[in-house]
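# Chains, contacts and geometry: an overview
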Amino acid sequence: MAALAERSATKPARHGALAALWRPGPRHAIPILLLLLVGFAAPLLAILSFSFAPSRTFDIWHLPTLENYRTIVTETYYGSFLWSLGMATATVAILALVCYPVAYGLSKLFGRWSNLVTLLMVLPLFVSENVRLYGWILFLIKGGVLLGSLKALFGIEAESVLFTPGVIVFGMVYVYLPFMLFPMVLGLSMVPRETTEAARDLGASRWQVFTEVELPLAMPGIVIGALLTFVLAVGAIAEAKVLGGQSVIPISHDIEIAFTYAQNWPLGAALAVLLTLVVGGLVLLVLGRLDLDRILGRR
Amino acid sequence: MGAAGPRWSNALIVAWTAAVVLFLYIPSISGLLASLGASRYFNFPIAKWGLDWWGKTFAESEIRTLLSTSATIALIVTAISVAIAFFGALAFARYDWKGRSIYQKLVLLPIFFPQSVLGLALLLWFTALGIETSWQTAVFAHLIWVVPVATLVISIQVYGFDPALEEAAYDLGATRWQVLKEVTLPVLWPGLFSGALFAFLLSWGNFPLSLFTTGADQTVPEWMYAKMVAGYTPRVPVLGTVSTLGAAILLLGGYGLILLVRRARGGAN
């Protein structure tokens, strides 16, 4: 590879574009970009072309039709979309409140303890989310850890909160907590201590320091966390199925039904395309405005 | 402890953090308790404790197959991810080049994407190409998600890397290979190691991508999900507890190893 690099560098005139590609930066980007081209861009195109195939067909070589999109508009799929978007929004809002004090502690207070706390918070990420949600079932179900203990200790008989929309949001808050927390920590560690101290010395109240110094400076991290959490929660499937029973059908579940029980791949593909448009639009809008070097590099 | 605020508010933050940590571990603790019951059904408080279900679970050949499928996938994903992500991270954080800021965002896209939809898209893509899905296609699917994460993890280390070190080595007459082996890799190894750890664990625990791309093969999370939906079996909490403990040992061990090596090197310097 090294030899090849030297050779192409000596002939910039003949292979101008190739030589530009072979400079160290782009050259190292080639493997991952190829992987994403074959494994990310191409599948998205496949799903797009499937969404224009006639209903209940299994290959893409047909005249394109808008049939699937028409079905989506005329049937009640907007309900699933609204549930998914609503639950994801609620999850983001709750997580922002839950995570901020922890992120503040991790970046400003805990000192050498923050490594250990970080480790404790990362760990659950590596256990499959359906297993952890199942743990909540064992905790919350009638005769489970919580209600069983209440009954044995105090003789209280209570109804389980499982299988309601509220518990789905609860499950999402639980599963996606680290995804909100860690970007927030990155964001808060971008706030120099001297700046907050200077603001306090100049007579700013604690609230003013928070709203006028900390929050604006930490905003890129908070925005990344919110975006990540929102996107993951919109596409979440396990929470509604494991914790929610069938009380709510989110859009991801509709998509899965179309692909499995209903055997209607083009309809599922069309739903997936709409979801991708919502998510992708949001992601591109936000990511386009961020300077990643600043967020990741300042350590 | 820094003097960031009044004492009572600091205490409040510590208490809140402790509560959040507890919240994160309630399911694992519940799973552990359930796995230690001796009866077929879970009822709390547990009437009879025992390790019966641990023995039964690991005696089954079906479960051994699951474990080996998951481990094979995770190991291959780890090896390939670290190799690709190492170069990816150099392009991400080490070199200044035109198009880098767009490249950084492209790499992040698969992370900011619903995994269930990605899994389905890959299934459609494999079908369109006429590829039969199996554990090998699952390896590919995991890579699409794991490589960007590993790239990000390694990049954070690369940001702290001083390119002058490499240049100095070149000036002293080192070849490209020597520089890589003697300078770049030793400096970046904690990042590579964390990247490998992340890759392994994320692949091991992945459910949404595996669900759509393993075909007839099954990974541990898929199997547990199928059993959860079908009704209660104590094998699920047993395997869940094993996964949690395994991840804890790997992560704490890995972190300890990084600390030890750092300390040893610090002492040598």
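Cut-offs applied
Residues numbered from 1 in each chain as written. Chains lettered and ligands numbered in written order. Predicted model: local features only at pLDDT ≥ 70, side-chain atom pairs only at ≥ 80, totals over all residues. Helix = DSSP H or I, 4+ residues; strand = E, 2+ residues; numbered from the N terminus. Rg over C-alpha atoms; globule rule 2.2 N^0.38 Å. Buried ≥ 20, exposed ≤ 12 C-beta atoms within 10 Å, placed from the backbone. Contact = placed C-beta atoms within 7 Å. Axes fitted to C-alpha atoms, helices over the stretch in contact; angles between N-to-C directions. Nonpolar A, V, L, I, M, F, W, Y, C, P; charged D, E, K, R; others polar. Expected span 1.5 Å × (residues − 1). pLDDT = per-residue confidence, 0-100.

With that settled, the discussion passes to the overall build of chain A. Tallying secondary structure elements over chain A gives 15 helices and zero strands in all. A compact globule built from 299 residues should have a C-alpha radius of gyration of about 19 Å, whereas chain A, at 25 Å, is more than 25% larger. Projected onto the principal axes, the alpha-carbon positions of chain A cover approximately 85 × 65 × 35 Å. Residues counted as buried form 44% of the 299 residues belonging to chain A.

For chain B, the helix and strand inventory stands at 11 helices and zero strands. In chain B, the succession of α and β elements from N to C terminus is α-α-α-α-α-α-α-α-α-α-α. Per-residue burial for chain B yields a buried fraction of 44% across its 269 residues.

As a further point, take the environment of A:Phe259. You can see A:Phe259 is positioned in helix 13 (residues 251-259). For A:Phe259, a count of 20 C-beta atoms within 10 Å translates into the label buried. Separated by 203 residues in sequence, A:Phe259 and A:Arg56 place their C-alpha atoms 9.8 Å apart. Leaving out residues up to four positions away in the same chain, A:Phe259 has contacts with A:Trp265, A:Gly268 and B:Leu120.

Turning our eyes to something else, we now look at the interface of chain A and chain B. In this assembly, 80 residues from chain A lie in contact with 82 residues from chain B. With 17 residues, the single largest contributor to the side of chain A that touches chain B is helix 3 (residues 24-50) of chain A.

Attention shifts here to the environment of B:Gly215. Residue and element names in this part refer to chain B. Turning to its location among the elements, Gly215 is positioned in the loop between helix 9 (208-213) and helix 10 (220-230). Measuring from C-alpha to C-alpha, the distance between Gly215 and Ile111 comes to 23 Å, with 104 residues separating the pair along the chain. Discounting residues that sit within four places of it in the chain, Gly215 has contacts with Glu132, Thr133, Ser134 and Thr137.

Two numbers describe how helix 7 (residues 129-140) of chain A lies on helix 10 of chain B: the axes approach to 9 Å, and their chain directions differ by 35°. Seen from helix 7 of chain A, the contacting residues are A:Asn130, A:Val131 and A:Tyr134; seen from helix 10 of chain B, they are B:Pro221, B:Met224, B:Tyr225 and B:Met228. Residues that form the contact of helix 7 of chain A with helix 10 of chain B fall into these classes: six nonpolar, one polar and no charged.

So, about unusual backbone geometry. All names here are of chain A. Not every positive phi belongs to a glycine, and Phe163 is a case in point at roughly 65°. As for its position among the elements, Phe163 is in the loop between helix 8 (145-154) and helix 9 (165-188). The residue Gln263 is not glycine, and still its phi comes out positive at about 50°. Of note, Gln263 is situated in the loop between helix 13 and helix 14 (265-287).

A rise of 1.5 Å per residue sets the reference length of helix 5 (residues 115-129) of chain B, with its 15 residues, at 21 Å; its end C-alpha atoms lie 21 Å apart and thus fit the reference within 8%. Most of helix 5 of chain B is tucked away, with 12 of its 15 residues classed as buried. Those residues of helix 5 of chain B lying buried are B:Gln115, B:Ser116, B:Val117, B:Leu118, B:Gly119, B:Leu120, B:Ala121, B:Leu122, B:Leu123, B:Leu124, B:Trp125 and B:Phe126. Buried residues along helix 5 of chain B sit in contact with helix 3, helix 13 and helix 14 of chain A together with helix 6 (135-159) and helix 9 of chain B. The positive-phi residue at the C-terminal boundary of helix 5 of chain B is B:Gly130, with phi of around 75°.

Residues and elements named next belong to chain A. Tracing the backbone through its elements, the reader meets Leu271 in helix 14. Leu271 gets classed as buried once you count the C-beta atoms within 10 Å, which come to 30. Taking the C-alpha atoms as reference, Leu271 lies 7.5 Å from Ile72; in sequence the two are 199 residues apart. Once residues within four sequence positions are removed from consideration, Leu271 is found in contact with Ile72, Tyr77, Ile251, Asp254, Ile255 and Ala258.

This part is about the confidence of the model for chain A. Residue and element names in this part refer to chain A. When pLDDT is averaged along chain A, the result is 83; 94% of the residues meet or exceed 70. Within chain A, helix 1 (residues 2-10) has the poorest average pLDDT of any element, 45, and helix 5 (residues 77-109) the best, 91. For residues 1-13, every residue scores under 50 in pLDDT, and the model assigns this stretch eight contacts once sequence neighbours within four places are set aside.

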